[in-house]
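# Chains, contacts and geometry: an overview
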Amino acid sequence: MSRLVDISSVRQEELFDQLAPDYALLLDDWDGYLAAQGKLLDDLLREHAAREVGSILDCTCGIGTQCLGLARLGYRLTGTDISRKSLARAEREAARLALQINFLGADVRKLDEVVSETFDAVISCDNSLPALLSEVELGAAVRQIFARLASPGIAILSIRDYRQIFAERKRFNLRQIHEVDGRRLLVFDLWDYHGEFVTFEVLFVQEDDVGWSVRSRPMVYRAVYSEDFIRLLRAAGFAEVRLIRELAGQALPFDHYVCLKQRSTSG
């Protein structure tokens, strides 16, 4: 994957299917992260939504990183994702936590083929949208998100700061060092750059009886810069877009775009 040259050959559904069994290992404390994500999004919804939020669509829910925490706070969640293996893991996590969440297989670019209702809020977090590898695809996703919102409605979309990433062009990113059954498990990325694209080769290095074993999970993203993203959001119809990079004086690991849909005046 580090020698990726043909973007047209990338199948994101397959890549996310591969990552699904290991995704929670990217984090130091899975259950703690669920709670922290729920609180962060709850704080943003309470501060910025034009009215009380009850129903939420997590349109790139993965294994449930955001929707599980929000459901525990009492929101009504629907989760959609293109990766069937991620959805299966999310369903198991919801059952473990005794949560009722409606999970559906859906491509964020074509949500209307699966989801017909509208929601008080739509979220897509932790850098999911830059997995769409062209502006055309990203624009389609943003329009679908807008269409699935009630009026008024709020979308919260979080992505990495790609301007900083491409300025630094770092190659190594240590994620976690876990201990599993008394053996160390190292999780880190090797990053490579290909024009506007960046690949994250996520490596899981497990200590065993005779040394170390390695498994690799490649991911591919397209750089999305704030001014381009905001332009697409406004073109989709969002009346106001707020870029939030810190909360309560603390820097956030992802840029959070809070996007407001105005109340419809038709009819």
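Structure shown above.
Now for a look at the structure at hand. Nothing here was measured: the structure is a model prediction, and the numbers come from that model.

Here is what the cut-offs are and how they apply
- Residues numbered from 1 in each chain as written.
- Predicted model: local features only at pLDDT ≥ 70, side-chain atom pairs only at ≥ 80, totals over all residues.
- Heavy atoms only, no water.
- Pairing = 2+ DSSP bridges.
- Helix = DSSP H or I, 4+ residues; strand = E, 2+ residues; numbered from the N terminus.
- Axes fitted to C-alpha atoms, helices over the stretch in contact; angles between N-to-C directions.
- Contact = heavy atoms within 4.5 Å.
- Salt bridge = Lys/Arg side-chain N within 4 Å of Asp/Glu carboxyl O.
- Buried < 20%, exposed > 50% of the residue type's maximum accessible area, 1.4 Å probe, protein only.
- Nonpolar A, V, L, I, M, F, W, Y, C, P; charged D, E, K, R; others polar.
- Expected span 1.5 Å × (residues − 1).
- Core = buried A, V, L, I, M, F, W, Y, C linked by side-chain atoms within 4.5 Å.
- Phe/Tyr/Trp six-rings, centres within 6.5 Å; stacked < 30°, edge-to-face > 60°.
- Lys NZ or Arg CZ within 6 Å of the ring centre and 35° of its normal.

### Concerning the sheet that holds strand S8 (residues 197–207)
An order of S6-S7-S8-S9 is seen for the four strands of this open sheet, with the pairing classed as antiparallel. In the strand order of this sheet, the two ends are held by strand S6 (172–180) and strand S9 (212–222), each with one partner. Along the sheet, successive strands turn relative to each other by an average axial angle of 15°, direction set aside. Sheet analysis places strand S7 (residues 183–194) next to S8, joined by 10 bridges and oriented antiparallel. Within the sheet, the bridge partner assigned to aspartate 189 lies in S8 and is valine 202. Here helix H1 (residues 12–19) sits on the sheet and contacts S8 and S9; the angle it forms with S9, its principal contact strand, is near 145°.

### Remarks on the pattern of salt bridges
Per the stated rule, a full pass over the model turns up 21 salt bridges. For aspartate 189, the salt bridge is made with arginine 175, and the minimal N-O distance between the two is 2.8 Å. In this pair, aspartate 189 sits in strand S7 while arginine 175 sits in strand S6, placing the two residues 14 residues apart along the sequence. According to the relative accessible area criterion, arginine 175 is partly exposed, its value standing at 22%.

### Concerning the packing of H1 against helix H4 (residues 84–96)
Running from amino to carboxyl end, H1 crosses H4 at an angle of 35°, the nearest separation of the two axes being 7 Å. Judged by residue contacts, Glu13, Phe16 and Asp17 of H1 engage Arg84, Lys85 and Ser86 from H4. When grouped by side-chain class, the residues that make up the contact of H1 with H4 number one nonpolar, one polar and four charged.

### Focus on helix H2 (residues 30–48)
The terminal C-alpha atoms of H2 lie 27 Å apart, and with 19 residues this matches the ideal 27 Å at 1.5 Å per residue to within 8%. Turning to H2, its buried residues number three or more, namely Trp30, Tyr33, Leu34, Gln37, Gly38, Leu40, Leu41, Asp42, Leu44, Leu45 and His48.

### Things to note about the nonpolar core
The biggest cluster of nonpolar side chains holds 38 residues, and the ones touching the most others in it are Ile56, Ile101 and Ile154. When residues of this core are traced back to their parent elements, those giving at least two are H2, helix H3 (67–72), H4, strand S4 (119–124), strand S5 (149–159) and strand S11 (250–261). Sort the elements by how many residues they give to this core and H2 lands first, with seven residues. If sequence neighbours within four positions are ignored, isoleucine 154 has contacts with Leu45, His48, Ala49, Val53, Asp120, Ala121, Val122, Leu149, Val258, Cys259 and Leu260. In this structure, Val108, Ala141, Ile145 and Leu157 belong to the second largest nonpolar core, which totals 28 residues.

### Remarks on the packing of aromatic side chains
One pair of aromatic rings is described through two measures. These are the centre distance and the angle between the planes. Inspection of the entire model under this criterion finds six aromatic pairs. Taking 5.0 Å as the distance between ring centres and 90° as the angle between the ring planes, the aromatic pair formed by phenylalanine 146 and phenylalanine 238 counts as edge-to-face. Placement of phenylalanine 146 in helix H5 (residues 135–147) and of phenylalanine 238 in the loop between helix H7 (226–236) and strand S10 (240–247) is noted, with a sequence separation of 92 residues between them. Of the two residues examined, phenylalanine 146 and phenylalanine 238, each falls in the buried class. Linked through ring pairs, Trp191, Phe200 and Tyr221 together constitute an aromatic cluster. The lysine or arginine in question, lysine 170, covers the ring of tryptophan 191, its NZ or CZ lying 4.8 Å from the ring centre. When the ring centre of phenylalanine 146 is taken as origin, the NZ or CZ atom of lysine 261, which lies over that ring, is 4.3 Å away.

### Re the sheet that holds strand S1 (residues 55–58)
The seven strands lie next to each other as S3-S2-S1-S4-S5-S11-S10, forming an open sheet whose pairing is mixed. Each edge of the open sheet is held by one strand with a lone partner, namely strand S3 (102–105) and S10. Between one strand and the next, the sheet's axes are offset by a mean angle of 20°, whatever the strand orientation. The sheet contact formed by S1 and strand S2 (residues 76–81) spans four bridges and is parallel. Bridge pairing in S2 places leucine 57 opposite threonine 78.

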